[in-house]
Every structure is written in C-alpha cells, then in structure tokens.
Amino acid sequence: MRDLLIIEGGVRLAGTVRASSAKNAVLPMMAASILTGEECVLRDVPRLRDVGVMGQILSSLGAEVRTEAVGDRSSATLTIVCRSLSSHVVPADLMGEVRSSIFLMGALLARNGRADLAYPGGCSIGHRPIDLHLQGLRDLGAKIEEHGSRIEAEARELHGSDIRLTLPSVGATENIMMAAVLATGTTLIRNAAREPEIVDLQNMLNLMGASISGAGGEAIRIEGVRRLHGVSYVPIPDRIEAGTLMVAAAITSGQVEVSNCVPDHLRTLIDKLRQAGCTIEEGDRRVFVEMDGRPRAVDCVTLPYPGFPTDLQPPLMSLAAIADGTSAFLETIYEQRFNQAEGLQRMGADISITGQRAFVHGVERLRGAAVRAHDLRAGAALVLAGLVADGVTTVSGIEHIDRGYDGLETKLASLGASVRRACA
Ligand code: UD1
C-alpha cells in the first residue's frame with residue numbers, strides 16, 4: 001500500500017511556515033559523527049526517510065543512534081555515539097536506499113582504515129558517478145578496489161594531499177574533508193564545491209576539534225589532527241525546502257512568510273521570483289513572499305552554488321508552467337532532470353524538451369490530474385502545480401517526497417492549502 005497526496009487547487013496560501021534544517025547538511029554530519037568515539041548531538045533534525053535510513057546504516061556499523069522528538073515541532077534531536085565500529089561493511093540494501101551513504105567511505109577510512117560499500121549506481125535523474133570521491137580518497141593514500149557492484153577500500157594511514165576536483169562535486173568535497181580531517185599533514189581541495197552545507201560541515205568538524213578553513217570558497221585547507229571529540233550542533237536551515245515553500249506562495253498568488261531560512265542562501269531564487277513579479281522582503285532568517293496575479297516568464301540555468309540550484313529547477317518549472325510567456329530552462333548538473341515535465345504536461349502544461357534544455361510556454365490554467373512523482377524534487381514540483389490547478393490532483397510516488405521534505409503537506413495545509421495524505 002502506497003500513500004498519495006490529494007490536492008484541491010485554487011487556494012491562495014497565507015501565513016507563516018517554518019523551514020526545517022537542511023537534509024543535505026544533516027546527512028554528511030551523520031557520517032561525520034563516526035569520526036569520534038564521543039557523543040555527537042544533532043538538534044532540530046527533520047524527520048525524513050533518508051535520515052532514518054542513514055541512522056539504520058550507522059547502527060549496523062556499531063553506532064548507538066537515538067532519536068527524540070522535540071515538543072510539537074516537526075523535528076528531532078539525534079544522538080549518535082560510535083564508541084567503536086563493529087563493522088566496516090555498509091549493507092547493500094540500505095546503501096541502495098540513500099545515495100549519500102557514499103559519504104561513509106571517507107569517514108570509515110579515517111576512523112577504521114577500512115570501508116566496504118556497494119556502488120550507489122545511477123538514479124532517475126541520470127548517471128551519478130563517484131569517480132571524484134574515489135580519486136580524492138586514493139590521493140589521500142587509500143587503496144580502493146572495485147569488485148562488481150562492491151567497493152573495498154583500505155588505508156593503513158591517510159596522508160594529506162593536494163587534490164584538484166575536475167568538477168565542484170558536493171559529495172566528493174564532503175567525503176574528502178571527512179577523510180582528510182584525521183590524516184597526517186595538510187590537504188588542499190581545489191575547485192571545491194561552495195554550497196552552504198559544505199561550510200556547515202566545516203563548522204561542525206571544527207567544533208569537534210578539526211582544523212579546516214576556506215569552505216565556501218574555491219579551496220579548502222585541512223590540517224590533519226590526531227583525534228576529534230563530541231559535539232552538539234544545529235544544522236543550517238534547508239534552503240531547498242524554504243525555496244519550495246516560496247514558490248508555493250508565488251504560484252498561488254499568496255502572501256507567505258518562510259521563517260528559519262537564510263535569505264543569502266536563496267539569492268538566485270529570490271532574484272528569479274522578483275523577475276517573475278513577486279514582492280519579496282528579506283528579514284533576519286526569514287523571507288516574506290507576496291504575489292499578485294500571473295507570474296512573468298523566467299529563464300533558468302542551473303549551476304553549482306552560488307548559481308541557481310538544480311534542486312529548485314523542478315519547482316521553478318511549475319511556476320513557469322502558468323507564467324505569461326515562454327521560459328527557457330537549461331539543466332547543466334544532471335542529464336535527466338525534467339522528470340516533472342510528464343506530470344505537468346498531463347496537467348495541461350506546454351513544455352518541449354531537447355536533451356538538457358526545456359522550453360516552457362506558459363498556459364493560463366492547469367487542470368488537476370493523477371500524476372506520479374518520479375524523484376524527490378519532481379514530486380515537490382507536481383504538488384506545487386496541484387496547488388494552482390483547477391480541480392483535484394493526486395500525486396503518487398510520494399515516498400520520494402518523504403525522502404527530503406518533512407511533512408510537506410502539513411506545512412502547506414498550515415498555510416490554507418487543501419492537501420491531504422491518503423492510502424492508495
Ligand atoms: C548533492 C545534493 C543534491 C544536489 C547535488 C547538486 C546532498 C546529499 N545532495 O548531491 O541534492 O542535487 O549536490 O547540487 O548534498 N559527479 C561526477 N563524479 C563524481 C561526483 C559527481 O561526475 O564523483 C557529477 C554528478 O554526476 C553531477 C555533478 O557532478 O553531474 C554534481 O554532483 P554532486 O555535486 O556530487 O552531487 P551530490 O553530492 O551527489
């Protein structure tokens with residue numbers, strides 16, 4: 001039995017909604033917590049399927065993982081204590097569930113000198129290789145062998161190295177940081193990813209006793225230390241969730257304040273929404289979005305941070321679907337990231353796709369339809385389209401949405417949307 005979201009479109013959203021902490025910050029931090037035998041506490045952690053699976057993986061490696069709900073907030077305190085590792089083998093079935101488990105390779109090597117993982121493989125948004133992760137770890141001295149779908153890595157000692165990434169991969173940057181933090185000597189990661197989640201990982205590791213500088217810029221410098229200690233940390237707000245809620249306000253001609261977000265992390269989306277006709281006020285860890293009438297068309301090119309985030313491209317495409325004019329989209333990060341287009345077309349959108357380019361000819365109205373989420377952000381985009389469509393939209397495949405949004409329907413309903421979860 002699978003859940004569905006049932007949405008009746010046409011309500012202008014209004015009110016205040018709080019974004020959760022960032023999934024993409026929490027997952028590498030969970031991996032980082034096995035770098036020490038002391039207690040690591042992550043506060044205000046969203047209740048997401050990916051976080052749950054990562055917790056199961058850590059338990060299978062010998063860590064003690066406790067989750068405690070916090071008041072009536074949709075978040076939890078996550079306590080991870082990994083006094084010693086009882087295994088270095090990440091179970092293949094769990095590895096397949098959450099791609100980010102690849103981060104454990106660097107952390108396991110640093111803590112234990114051994115890691116055995118399954119290859120995370122491709123996914124529905126395109127081929128997602130891990131060559132940069134493997135090359136970076138080899139540069140630090142790891143011996144890595146690939147046996148079919150499994151990867152075995154070993155390192156008697158990791159040593160600092162000068163690593164240049166050919167692409168600013170978020171995951172590779174984080175994996176290498178976690179391996180280098182306990183290595184001997186200095187590591188330099190050049191052409192590093194600059195996403196806010198990398199800065200947040202640096203901040204957490206430094207509180208644990210690491211010596212890392214430069215995150216957020218093009219080069220990250222890591223002076224290896226002998227040991228790390230425990231930490232209590234609140235990850236940064238989820239800019240992708242906040243951005244999704246901002247588009248929800250815009251698409252419904254609403255008036256919504258999103259709290260617990262960092263406007264600077266949302267700069268490119270704020271610019272796009274202003275171009276589309278939104279009024280946006282930026283405050284201290286909050287943004288207020290107001291839209292009156294039909295949005296104007298906006299073009300979009302996805303790029304590594306500080307460029308427009310690929311994870312917000314599907315939500316923005318839903319807005320473009322009802323805009324006045326034609327919006328041109330170019331997706332440069334992933335090969336197949338227009339999974340939302342099929343559902344949007346069913347709802348009456350006029351979208352033509354050639355490779356990594358899409359042209360969205362805005363229509364005045366979308367109509368409710370039965371559509372399927374093929375991946376996390378495409379699923380969110382379909383929910384947004386349902387909020388403005390005439391009639392009822394049912395979105396299936398919402399297990400994808402649950403991977404990365406903590407109670408999306410509850411948050412939208414708190415703003416007045418007619419959206420509920422049902423069992424198919
Ligand atoms: C992270 C985010 C994901 C986001 C993505 C891009 C997490 C948990 N996930 O994913 O939400 O969509 O950044 O902003 O933080 N690549 C290679 N070789 C590698 C690694 C990556 O060619 O070894 C390529 C990928 O195929 C992709 C591009 O680099 O085309 C970016 O990938 P990357 O930044 O690594 O994304 P993730 O860390 O997997």
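Model, not experiment: these values are computed from the prediction.

(A) Quick peek at the environment of Gly293. Inspection of the secondary structure assignment puts Gly293 in the loop between strand S16 (286-290) and strand S17 (300-301). Judged by its relative accessible area of 35%, Gly293 is partly exposed. The sequence separation of Gly293 and Ile144 amounts to 149 residues, and the corresponding C-alpha distance is 56 Å.

(B) Up close: unusual backbone geometry. Each neighbour pair has its own omega, and for Tyr305 with Pro306 the value is 10°, a cis peptide bond. Its place among the elements puts Pro306 in the loop between S17 and helix H10 (313-321). Positioned with a positive phi, Asn191 is a non-glycine residue whose angle comes to about 55°. In this fold, Asn191 is placed in the loop between strand S10 (186-190) and helix H7 (196-207). Even without being a glycine, Asn260 presents a positive backbone phi close to 55°.

(C) Expanded view of the environment of Gly355. With respect to the helices and strands, the residue Gly355 is situated in the loop between strand S19 (350-354) and strand S20 (357-361). The sequence separation of Gly355 and Ser318 amounts to 37 residues, and the corresponding C-alpha distance is 19 Å.

(D) Molecular detail of the pattern of salt bridges. According to the stated counting rule, one finds 24 salt bridges in the structure shown. For Arg138, the salt bridge goes to Glu146, with nearest N and O atoms at 3.9 Å. Residue Glu146 is classed as partly exposed on the basis of its relative accessible area, which comes to 44%. One salt bridge in this structure joins Arg421 and Glu409, with 2.7 Å as the shortest N-O distance. Here Arg421, found in strand S23 (residues 418-423), pairs with Glu409, found in helix H14 (residues 408-414); they are 12 residues apart in sequence, far enough to count as distant. According to the relative accessible area criterion, Glu409 is buried, its value standing at 12%.

(E) Structural detail: the packing of H10 against helix H12 (residues 376-388). Direction vectors running N to C along H10 and H12 enclose 25°, while the axes themselves pass 7 Å from each other. By the angle between their axes, H10 is roughly parallel relative to H12. Seen along the crossing, H10 lies across H12 with a hand that is right-handed. In contact with Pro314, Pro315 and Ser318 of H10, H12 contributes Arg377, Ala378, Ala381, Leu382, Leu384 and Ala385. Here the contact of H10 with H12 is built from residues that sort into seven nonpolar, one polar and one charged.

(F) A look at the domain arrangement of the chain. For the chain, the assigned domains are domain 1 (3-20 + 237-423) and domain 2 (23-233). With 25 residues of domain 1 at the interface, the matching set in domain 2 holds 20 residues. Counting the surface lost from both domain 1 and domain 2, the interface buries some 2000 Å², and carbon and sulfur atoms represent 45% of this. For domain 1, the biggest contributors to the area lost against domain 2 are Tyr305, Arg403 and Asp406; these three give 30% of the whole. Linking domain 1 to domain 2 there are three salt bridges.

(G) The nonpolar core, seen in detail. Formed by 79 residues in total, the largest nonpolar core has its most connected members in Met30, Leu35, Leu104, Met105, Leu158, Leu205 and Ile220. Contact partners of Ile220, with chain neighbours within four places excluded, come to Thr173, Met177, Thr187, Leu188, Ile189, Ala192, Ile198, Ile212, Ser213, Gly214 and Ala215. Listed in part, the 69 residues of the second largest apolar core include Met291, Ala320, Val363 and Leu412.

(H) Quick peek at the sheet that holds strand S12 (residues 219-223). One open sheet accounts for four strands, arranged S9-S10-S12-S11; its pairing is mixed. A strand with exactly one partner marks an edge of an open sheet, and here the two such strands are strand S9 (162-164) and strand S11 (211-213). Neighbour to neighbour, the strand axes of the sheet diverge by 15° on average, direction disregarded. By the bridge criterion, three bridges tie S11 to S12 in an arrangement that is antiparallel. Bridging from a neighbouring strand, Ile212 pairs with Ile222 of S12. Packed on one face of the sheet, H7 meets S11 and S12 and runs near 155° to S11.

(I) A look at the pairing of S19. Pairing of S19 with S20, which is carried by five bridges, proceeds in the antiparallel orientation. Residue Thr354 lies in a different strand from S20, and its bridge partner there is Arg357. The antiparallel hairpin formed by S19 and S20 contains two residues in its connecting segment, where Gly355 sits at a positive phi of about 55°.

Quick notes on the rules
Residues numbered from 1 in each chain as written. Predicted model: local features only at pLDDT ≥ 70, side-chain atom pairs only at ≥ 80, totals over all residues. Heavy atoms only, no water. Helix = DSSP H or I, 4+ residues; strand = E, 2+ residues; numbered from the N terminus. Buried < 20%, exposed > 50% of the residue type's maximum accessible area, 1.4 Å probe, protein only. Salt bridge = Lys/Arg side-chain N within 4 Å of Asp/Glu carboxyl O. Axes fitted to C-alpha atoms, helices over the stretch in contact; angles between N-to-C directions. Parallel < 35°, antiparallel > 145°, perpendicular 65-115°, else oblique. Left-handed = near helix turned anticlockwise from the far one by under 90°. Contact = heavy atoms within 4.5 Å. Nonpolar A, V, L, I, M, F, W, Y, C, P; charged D, E, K, R; others polar. Domains from an automatic or database assignment. Buried area = accessible area lost by both parts, 1.4 Å probe. Core = buried A, V, L, I, M, F, W, Y, C linked by side-chain atoms within 4.5 Å. Pairing = 2+ DSSP bridges.

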